[in-house]
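Listed below, chain by chain, are the residues.
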Amino acid sequence: MERKDLVQLRYSWQPYLGFGQQLDLDKDAFVYQQQEEGKGFYYLYKGIVMNSIISTDGTEQAINYITEGMLFGEPGIYHEPYITNARAVRSSVVYYFSDFAYNEICDAFPDARLVFTKALLFKLRTMAEIVTFMNGNIEQKIAHYTIKLDHEIGEAIPFTQTNFAEFLGISRKSVSQVINKWRREGIINVDGDVLEVKDRQRLKEIRTLTTNFDYNIDYLLSLHQVFVKKRL
């Protein structure tokens, strides 16, 4: 996924914040928890929010990070249970939008429906990327995930070998081997629990050694209809 796609979406919902409810979150506070009944969606105004899943043994597995200016929890507008947790990685400010608020916004600003739809398509495309890389080799998987986080978060990427391993379905040893190799080659730098990409071009080369992105837009649009049919 190109950085320009994210740039086009970021802050596009900000003109409608007056319709939302501001929530100030402390570090580690939950916005919502998995299996909780959906009651609307959210916009991250400041901070970082992590989507994660709690396994049956109580282990938290990171799925992705939400960055400032992005919507999240969109399916909650249909009152479906949230399938992930959303937890503030650091002190954050979010805005909550109920389905009533969403309808008010769309009545006043018809273009808002398109903004919301584009946010959903962005999530679907992200899902397609994850599926694409399921058959990649270990280094490709880690490169893709690192690039994704670099696009979404920027310079200071929250990093633990455990989270990378759990998200990608590989061993911590494999993550360690690749990360140490990249550090020696000057591709990344790791300082404590923060990872910084130093050579983005080299990471892209690793990611695309044998993988070709081929998005089926018709398929994505058909999935999109499942999400938005109640609002069109």
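Structural notes, computed from the coordinates. (Residues numbered from 1 in each chain as written. Predicted model: local features only at pLDDT ≥ 70, side-chain atom pairs only at ≥ 80, totals over all residues. Heavy atoms only, no water.)

Some remarks on the overall build of the protein
Looking only at helices and strands, the protein features eight helices and eleven strands. In the protein, which comprises 232 residues, the share counted as buried stands at 47%. (Helix = DSSP H or I, 4+ residues; strand = E, 2+ residues; numbered from the N terminus. Buried < 20%, exposed > 50% of the residue type's maximum accessible area, 1.4 Å probe, protein only.)

Quick notes on the side chain of Thr 84
Residue position: Thr 84 is located in the loop between β6 (71-72) and β7 (85-88). A residue is classified by how much of its surface remains accessible, and Thr 84, at 13% relative accessible area, is buried. Of the polar contacts made by the side chain of Thr 84, one reaches the side chain of Asn 51; its length is 3.4 Å. Those residues in contact with Thr 84 that lie beyond four places of it in its chain are Tyr 32, Gln 33, Gln 34, Asn 51, Ser 52 and Ile 53. (Polar contact = N/O pair within 3.5 Å; in protein donor to acceptor, adjacent residues only side chain to side chain. Contact = heavy atoms within 4.5 Å.)

Section: empty space enclosed by the protein
In the structure shown here, the tally under the stated rule is three cavities of 30 Å³ or more. Estimates place the volume of the second largest cavity at around 60 Å³. Residue lining of the second largest cavity: Leu 9, Ser 12, Trp 13, Gly 69, Met 70, Leu 71, Glu 74, Val 115, Ala 119 and Lys 123, and that is the complete set. With three residues, helix α3 (residues 111-132) is the single largest residue contributor to the lining of the second largest cavity. (1 Å grid on protein atoms, 1.4 Å probe; cavity = no way out; pocket = protein on both sides within 12 Å on 5 of 7 lines; lining within 4 Å. Points joined across faces, edges and corners; volume = space filled by probe spheres on them.)

So, the pattern of salt bridges
As a working rule, side chains carrying opposite charge can pair if their charged atoms are close by. Tallying each qualifying case throughout the model produces seven salt bridges. A salt bridge links Glu 205 to Arg 202, with the shortest nitrogen-to-oxygen separation between them at 3.4 Å. Here the residue Glu 205 and the residue Arg 202 both occupy positions in helix α7 (residues 200-207), the gap between them amounting to three residues, near one helical turn. Given a relative accessible area of 35%, Glu 205 falls into the partly exposed group. (Salt bridge = Lys/Arg side-chain N within 4 Å of Asp/Glu carboxyl O.)

Here we look at the environment of Trp 13
Locating Trp 13 in the fold gives a position in the loop between α1 (3-9) and β1 (21-25). When its relative accessible area of 1% is taken as the criterion, Trp 13 is described as buried. Taking the C-alpha atoms as reference points, Trp 13 and Leu 71, separated by 58 residues in sequence, lie 7.6 Å from one another. In contact with Trp 13, other than residues within four places in its own chain, are Phe 41, Tyr 43, Leu 71, Phe 97, Tyr 102, Ile 105, Ala 112, Val 115 and Phe 116.

Considering helix α5 (residues 161-168)
All of the buried residues along α5 are Asn 163, Phe 164, Ala 165, Phe 167 and Leu 168. Positive phi appears at Gly 169, one or two residues downstream of α5, with a value of about 70 degrees.

Points about the sheet that holds strand β11 (residues 194-197)
Strand order in the open sheet formed by three strands is β9-β11-β10, with antiparallel pairing between adjacent strands. Each having just a single partner strand, β9 (157-158) and β10 (188-191) make up the two edges of the open sheet. Relative to β11, β10 runs antiparallel, the two being bridged by four bridges. Its bridge partner being in β11, Asp 191 is matched across the sheet by Val 194. (Pairing = 2+ DSSP bridges.)

Structural notes on the packing of helix α4 (residues 138-153) against α7
Two numbers describe how α4 lies on α7: the axes approach to 8 Å, and their chain directions differ by 135 degrees. Of the possible angle classes, the one that applies to α4 and α7 is oblique. Taken as a pair, α4 and α7 cross one another with a handedness that is left-handed. Contact residues: α4 offers Glu 139, Gln 140, Ala 143, His 144, Thr 146, Ile 147 and Asp 150, while α7 offers Arg 200, Leu 203, Lys 204, Ile 206 and Arg 207. Grouping the amino acids of the contact of α4 with α7 by side-chain chemistry returns four nonpolar, three polar and five charged. (Axes fitted to C-alpha atoms, helices over the stretch in contact; angles between N-to-C directions. Parallel < 35°, antiparallel > 145°, perpendicular 65-115°, else oblique. Left-handed = near helix turned anticlockwise from the far one by under 90°. Nonpolar A, V, L, I, M, F, W, Y, C, P; charged D, E, K, R; others polar.)

A short note on α4
Residues that lie three or four places apart on an α-helix share one face, since the helix turns once every 3.6 residues. Here α4 spans 22 Å end to end across 16 residues, near enough to the 22 Å set by a 1.5 Å rise per residue. Within α4, 14 of the 16 residues are buried, which leaves the element mostly enclosed by the surrounding structure. Its side-chain oxygen 3.1 Å from the backbone nitrogen of Glu 139, Asn 137 forms the N-cap of α4. In the stretch just after α4, Gly 154 is the one whose phi turns positive, near 105 degrees. (Expected span 1.5 Å × (residues − 1).)

The values reported here are purely geometric and, on their own, carry no functional implication.
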